[in-house]
Every structure is written in structure tokens, then in C-alpha cells.
Amino acid sequence: DESTAAAEAMIMMFNARSRNAVKAGASKFFVDEDIFLQTLDVMTTRSKPLGIDLVKGKFNEAQFDGSFFGAFVQYPAASGQIRDYSDFADKVHSSGLLLGVTADLMSLSLLTPPGEWGADIVVGSNQRFGLPMSFGGPHAGFFATKDELKRSMPGRIIGVSVDAQGNHALRMALQTREQHIKR
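In short, a report on the structure. Bear in mind that the values here come from a model prediction, so they are computed numbers and not experimental data.

Between helix α1 (residues 2-15) and helix α3 (residues 37-47), the least distance of the axes is 8 Å, while the angle of their chain directions is 40°. Classified by the angle their axes make, α1 and α3 are oblique. The chirality of how α1 crosses α3 is right-handed. Across the interface between the two elements, Glu2, Ser3, Thr4, Ala6, Ala7, Glu8, Met10 and Ile11 of α1 pack against Gln38, Thr39, Val42, Met43, Arg46 and Ser47 of α3.

As C-alpha cells, then:
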């Protein structure tokens, strides 16, 4: 679901820190205060055991130093506001950080996609397309990232291929956890 995907994105950014950031002890993660509360709750729960210090604030007032490794915003914001985060994305990247975004898929049919204004990781829920809940659990989530980070993604990527008879077939295109790889 969306909240879990956001927490996974945070952990992925934490694990993608440069050697210098790890040596410097970069453990702060900026979260815009205008995100869904359930997303913030899951991120808070998942950050504690890893020693990640969540710093909440207004995205346009955020100040970054060497103790930060990433930032996260909601698009559109939880308040419903549609903000231009392109300057914020530039600020995040110029500080050597990664930017994660929770996006509403339906809104992206009209809004500028987060990847175009600089998001490194975009997550969200597919529920807006009317997909039913899976076996009583949360709605399906989505997780997208820039090509250079794809090997750090949690889980598996399934691709479409063609079998020996010319039929479409599903295949595991990328798996980062070796215990699941089968020949």
C-alpha cells in the first residue's frame, strides 16, 4: 500500500547513501508536514529501528546539511494543494540528497509527473483506478524509481517476454534478493 511503499522508499534512500554520507553519520530524513498522517505514522514506525531521525517541516523552509540523506513530499499535498516542487527538488539534489514523492496516480493525468521535476522515487496507491482490495488487505501500491536506483528497489520486477512458441509470458526481470531467484 501507499504508506508501506513510502517507508520502503525512505529505507531505500537510507541504504543508497554514499560512503561519505555513511561515514558522516547522515541519518536525518526530511518529511514535508503536509503528507497523509497514515504515511507519516508508518514512516515513523519503520525509521526508529534503523536510527533514522525524521525531521518534519515545511518543504519551502527546509535547510539541509551533511546530516541529511533524503527528503519526502506528497503530490498533491494532503491538504489538496498542488505545489510546484521543482525548485525544492533542485535544492534537495544540490545538497546531495534523494527525493521521494507520494503521488496520486489519477491526478498525474493532468499534473506534471514527479519524474519530470526531479523526483528520484515515486510511490502511491492504485486504488483511485477502482482496483479492489486484495484478500481483505491494503490496496495495491506502486513503486517507481530512476534507472540508476532500480537495483536497490525492494521486491521483484516482473516483465513480459515471449516464450518459445511465440506466446506472451511473464518472467522475473529483476530480483535483488537472491534467495528468491530460481533457474
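Inspection of the secondary structure puts serine 107 in the loop between β4 (98-103) and β5 (121-125). Using a relative accessible area of 14% as the deciding quantity, one classes serine 107 as buried. There is a polar contact of 2.7 Å between the side chain of serine 107 and the backbone oxygen of aspartate 104. Not counting residues within four places of it along the chain, the set of residues in contact with serine 107 comprises Tyr75 and Pro76.

Quick look at the sheet that holds strand β6 (residues 141-145) now. The six strands are arranged β2-β1-β3-β4-β5-β6 in an open sheet whose pairing can be described as mixed. Because the sheet does not close on itself, it has two edges, and the strands there are β2 (53-57) and β6. Across the sheet, the mean angle separating the axes of adjacent strands is 20° when strand polarity is ignored. With five bridges joining them, β5 and β6 adopt antiparallel strand pairing. Across the sheet, valine 122 pairs through a bridge with alanine 144, a residue of β6.

About the criteria used
Residues numbered from 1 in each chain as written. Predicted model: local features only at pLDDT ≥ 70, side-chain atom pairs only at ≥ 80, totals over all residues. Heavy atoms only, no water. Axes fitted to C-alpha atoms, helices over the stretch in contact; angles between N-to-C directions. Helix = DSSP H or I, 4+ residues; strand = E, 2+ residues; numbered from the N terminus. Parallel < 35°, antiparallel > 145°, perpendicular 65-115°, else oblique. Left-handed = near helix turned anticlockwise from the far one by under 90°. Contact = heavy atoms within 4.5 Å. Buried < 20%, exposed > 50% of the residue type's maximum accessible area, 1.4 Å probe, protein only. Polar contact = N/O pair within 3.5 Å; in protein donor to acceptor, adjacent residues only side chain to side chain. Pairing = 2+ DSSP bridges.

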